[in-house]
Amino acid sequence: MANPTMKKVDIITASMIIPMCFYVFYESGTWPLPALLGNPLLIPRLVASSLLVAAGMLLLRSLAARSRILESRLQGLNLWRVSGVAVLTGGYVFTLERVGFVPTTFIFLLLFGLVLGERRWSRLIFFAIIVPAAIHIIFDATLNVPLPRGLFR
Amino acid sequence: MVSFDLLLLGFGTVLTGYNIIALVLGSFMGIIIGAIPGLTATMGIALLVPFTFGMTPITGIVMLLGIYAGAIYGGGIASILIKTPGTPAAAATVFDGYPLAQKGMAGKAIGMATVASGIGGTFTAFCLTFFAPILANFALRFSAPEYFALAVFGLSVTVTLAGRDPLKGFISGAVGLLIAMIGLDPMGGFPRFTFGRVELTGGFSFVPMLIGLFALSEGFRQVETILTAPKVDAVLKDILPKLRELKECTVTFVRSCIIGLIVGITPAIGAETSCFVSYAEAKRTSKHPEKFGTGVLEGVAAPQTAENASTGGDLLPMLTLGLPGDAATAVLMGALTIHNLQPGPLLFRDHADLVHQIFAGMIVANFLFVILGLTFARFFARVININRRYLIPLVFICCMVGSYAINNNLFDLASCVFFGFIGYLMMRYDYPVSPIVLAQILGFMMESNFRRSLAMSRGDPSILVTRPIALTILILAAITTVTAIRRQRRALRAQATVSTGASDSGGRYQ
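Because the structure is predicted, anything quoted here is derived from the model rather than measured.

Caption draft 1: The overall build of chain A, seen in detail. The helix and strand tally for chain A stands at 6 helices and 1 strand. Ordered by position from the N terminus, the helices and strands of chain A form the series α-α-β-α-α-α-α.

Have a look at this one:
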């Protein structure tokens, strides 16, 4: 998959922002207008209008200008690694309360280390055990901030 | 005016019990965070805010102040040893710090950087102590129109000065304003942009968003390249600067302190700007400007003094007006609100003792990092070698656990991860991140005070321009915006002229 250039990214950004601005106008039309508390529509619509103009300028600028392929900036970047970490992080959010903090964090750190290319298993496992234990002690025992117990409730 | 009784009591509170332990720990962690390239002061504060939940307000705040001051200083260590600034604020320290290290004078450079940072930070900590109560007293006269004008001023400066492209900065700020409107209307109490979700009736929680945008996003960026810094093997000797060397830099210290203070007070301009301005001035006024860049102690003293001097300046508008000076103070503001303390003039009126404890904490923090920096210089130098394959996952876990722990709410964790990924994409494609955060704070201030002003004047908008202080601030906002846009356009045109027909940083056009 070819990496997106700034031009494409700017066009995508403007295309996402423009409907957002129209939605602001739409939803703000359904709000009540409490008397003597100032008009609640004014600031949101002003911001949305300004944003619409800015997004339009960005779109026109992107369509009219030459695009840039930022080879040097993209050189050496491993976007599969970023995607892998993003998926792992999403999985962490999904399982944290269901499974519990300690086991979820242990598995997360193990897999994260593997994604980053760490292959020294003993160190990785030691790290994956120590960190959740330490955080659990700091938050639960010392700061009295409970962390999810999940399956160990 | 500052109350000397309260200030002495403040020192008494800060130097005892858990407070001094928190301050020492905070300074130590701050120096480590600053020394490691890729970790910033803002990130460090954002990461460690959740750890202050179980602490008393003053203990938590002094710990964060210790991190703030320590991290700003710590960036210079990596600049000197491996030619890579530990924090953006230490970029100018590379120019003379690294050549000094190459000459075998790494210890001397670090020693000078440490003392210079201490002088800058302590100077503006004292300025903060003496000027903040005066400004807060003046601000007690402010009403809704003045706060509206202040918010507009803060937003205009933030948006125009953040990033290289004012248009993208504006878009970032405007999106931040819309995000700030999610939740209940501040005056009418009806839901806005909640899509029927109960979790959004309070809007996005501020601290998880901060952690995501500043800390987690940087974590994603680090994953891209697994930044491997060159190994530090310099032998550090003669760390403590000689009296003669310090005397030779006296004028540099004084000038850099003033530059740092002025730059720090200006909203949206942080330590990164002050270090470059200070270095340029030191070089310009030096008897031997040709020596700058070859390894002179003055070239290290100037930026390091200014960058820590800007910390007090950044705190001044935040504490007195509720206007964050930069991203780091925005995070500190979030920390204060977690402890039920609202920055602004009322903080000085209702919690004068706590405010003086904060002043004392800031002064002590600047002394502490000098002592720690000089004593443990060799340890901090080795910290730069930390394995990123363990550091990055640790950062992720601290971010996520911290976000969750605020309200024991999974939605906060999801927000953190969401904004973390958005922040990463924004950084990747040149959209500045700090306007979103500052717009969150200033947007609420702007909207609620605008509506209050109209309620005060029974709908007459002229109240915003007929009150002299409000009008002055609005005019300043307009002038600042126009000047900033003109300056950036000139800079971009100059850049385009230089790179015409050639690739820009290795990129090519199609």
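After presenting the structure, the write-up continues.
Caption draft 2: Fine view of the overall build of chain B. Each helix and strand counted, chain B has 22 helices and 3 strands in total. Taken over the C-alpha trace, chain B has a radius of gyration of 22 Å; the compact-globule value for 510 residues is 24 Å, and the two agree within 12%. Within chain B, the fraction of its 510 residues that count as buried is 62%. Relative to all contacts within chain B whose residues are 6 or more apart in sequence, the contacts with residues 24 or more apart total 79%.

Caption draft 3: Local environment of the environment of B:Ala125. Residues and elements named next belong to chain B. Here Ala125 shows up in helix 6 (residues 106-139). Using a count of 25 C-beta atoms within 10 Å as the deciding quantity, one classes Ala125 as buried. Spatially, the C-alpha atom of Ala125 lies 23 Å from that of Ala91, the residues being 34 residues apart in sequence. Excluding residues within four positions of it along the chain, Ala125 makes contact with Gly312, Met362, Ile363 and Asn366.

Caption draft 4: A look at the environment of B:Leu177. Within the fold, B:Leu177 resides in helix 8 (residues 166-180). On the basis of neighbour counts, which here come to 26 C-beta atoms within 10 Å, the residue B:Leu177 falls in the buried class. Between the C-alpha atom of B:Leu177 and that of B:Glu146, which follows or precedes it by 31 residues, the distance is 19 Å. Setting aside chain neighbours within four positions, we find B:Leu177 in contact with A:Val47, B:Ala439 and B:Gly443.

Caption draft 5: Up close: the nonpolar core. Within the largest apolar cluster, 212 residues are counted, with the highest numbers of intra-cluster contacts made by B:Ile45, B:Leu64, B:Tyr68 and B:Val331. In terms of residues, this core owes the most to one element, helix 4 (residues 57-82) of chain B, which gives 17 residues. If you count residues domain by domain, this core takes at least three from each of domain 1 (6-74) and domain 2 (79-152) of chain A. Apart from residues no more than four positions distant in its own chain, B:Val331 is found in contact with B:Thr42, B:Ile45, B:Ala46, B:Val49, B:Leu210 and B:Phe214.

Caption draft 6: Inspection of the confidence of the model for chain A at higher detail. In the predicted model, chain A carries a mean pLDDT of 84, and the fraction of residues at 70 or more is 84%. Considering each helix and strand of chain A separately, the mean pLDDT is smallest for helix 3 (residues 71-74) of chain A, with a value of 49, and largest for helix 5 (residues 101-115) of chain A, with 93.

Caption draft 7: View of the packing of helix 13 (residues 297-321) of chain B against helix 14 (residues 327-338) of chain B. All names here are of chain B. Two elements in contact, helix 13 and helix 14, have axes separated by 10 Å at closest approach and are oriented at 40°. It follows that helix 13 is oblique to helix 14 by the angle criterion. Helix 13 and helix 14 meet at a crossing whose hand is right-handed. Residue-level contacts link Asp314, Leu315 and Met318 of helix 13 to Ala328, Thr329, Leu332 and Met333 of helix 14. A per-class count over the contact of helix 13 with helix 14 returns 5 nonpolar, 1 polar and 1 charged.

Caption draft 8: The arrangement of the environment of B:Gly203 in detail. All names here are of chain B. Its location among the elements puts Gly203 in the loop between strand 2 (191-192) and helix 9 (206-225). On the basis of neighbour count, Gly203 is assigned to the buried category, with 20 C-beta atoms found within 10 Å. As a C-alpha pair, Gly203 and Met181 span 22 residues in sequence and 7.6 Å in three-dimensional space. Apart from residues lying up to four places away in sequence, Gly203 is in contact with Ile182 and Gly183.

Caption draft 9: Main features of unusual backbone geometry. Residue and element names in this part refer to chain B. Positive phi, close to 55°, is recorded for Phe193, a residue that is not glycine. Along the chain, Phe193 falls in the loop between strand 2 and helix 9. The phi torsion at Asp430 lies on the positive side, around 65°, for a residue other than glycine. Considering the arrangement of structural elements, one finds Asp430 in the loop between helix 19 (410-428) and helix 20 (434-456).

Caption draft 10: Seen up close, the confidence of the model for chain B. Residue and element names in this part refer to chain B. In the predicted model, chain B carries a mean pLDDT of 85, and the fraction of residues at 70 or more is 93%. Segment residues 501-510 is flagged for pLDDT under 50; beyond a separation of four residues in sequence, or across chains, it makes 19 contacts in the model. What the predictor reports for the complex is a pTM of 0.83 with an ipTM of 0.90.

Caption draft 11: Summary view of the packing of helix 4 of chain B against helix 5 (residues 94-102) of chain B. Residues and elements named next belong to chain B. Two elements in contact, helix 4 and helix 5, have axes whose closest approach is 6 Å; the angle formed by their N-to-C orientations is 50°. As far as their axial angle goes, helix 5 and helix 4 are oblique. Handedness of the crossing formed by helix 4 with helix 5: right-handed. Between helix 4, through Gly76, Ser79, Ile80 and Leu81, and helix 5, the contact on the second element is made entirely by Val94, Gly97, Tyr98, Leu100 and Ala101.

Caption draft 12: Highlighting helix 6 of chain B. Residue and element names in this part refer to chain B. When the terminal C-alpha atoms of helix 6 are compared, their 46 Å separation across 34 residues agrees well with the 50 Å that a helix rising 1.5 Å per residue should span. Residue Phe131 marks the point of greatest curvature in helix 6, where the axis turns by about 35°; the proline Pro133 follows within four residues. For helix 6, the buried fraction is high: 27 of the 34 residues fall into the buried class.

Caption draft 13: Structural detail: helix 14 of chain B. Residues and elements named next belong to chain B. Relative to the 16 Å expected for 12 residues at 1.5 Å per residue, helix 14 spans 17 Å between its end C-alpha atoms, a close match to the ideal helical length. Of all 12 residues in helix 14, 10 are buried, a share of seventy percent or more. Buried within helix 14 are the following residues: Ala327, Ala328, Thr329, Ala330, Val331, Leu332, Met333, Gly334, Ala335 and Leu336. The positive-phi residue at the C-terminal boundary of helix 14 is Asn340, with phi of around 60°.

Scoring rules and cut-offs
Residues numbered from 1 in each chain as written. Chains lettered and ligands numbered in written order. Predicted model: local features only at pLDDT ≥ 70, side-chain atom pairs only at ≥ 80, totals over all residues. Helix = DSSP H or I, 4+ residues; strand = E, 2+ residues; numbered from the N terminus. Rg over C-alpha atoms; globule rule 2.2 N^0.38 Å. Buried ≥ 20, exposed ≤ 12 C-beta atoms within 10 Å, placed from the backbone. Contact = placed C-beta atoms within 7 Å. Core = buried A, V, L, I, M, F, W, Y, C linked by C-beta atoms within 7 Å. Domains from an automatic or database assignment. pLDDT = per-residue confidence, 0-100. Axes fitted to C-alpha atoms, helices over the stretch in contact; angles between N-to-C directions. Parallel < 35°, antiparallel > 145°, perpendicular 65-115°, else oblique. Left-handed = near helix turned anticlockwise from the far one by under 90°. Nonpolar A, V, L, I, M, F, W, Y, C, P; charged D, E, K, R; others polar. Expected span 1.5 Å × (residues − 1). Bend = angle between axes of the 7 residues up to and from the residue.

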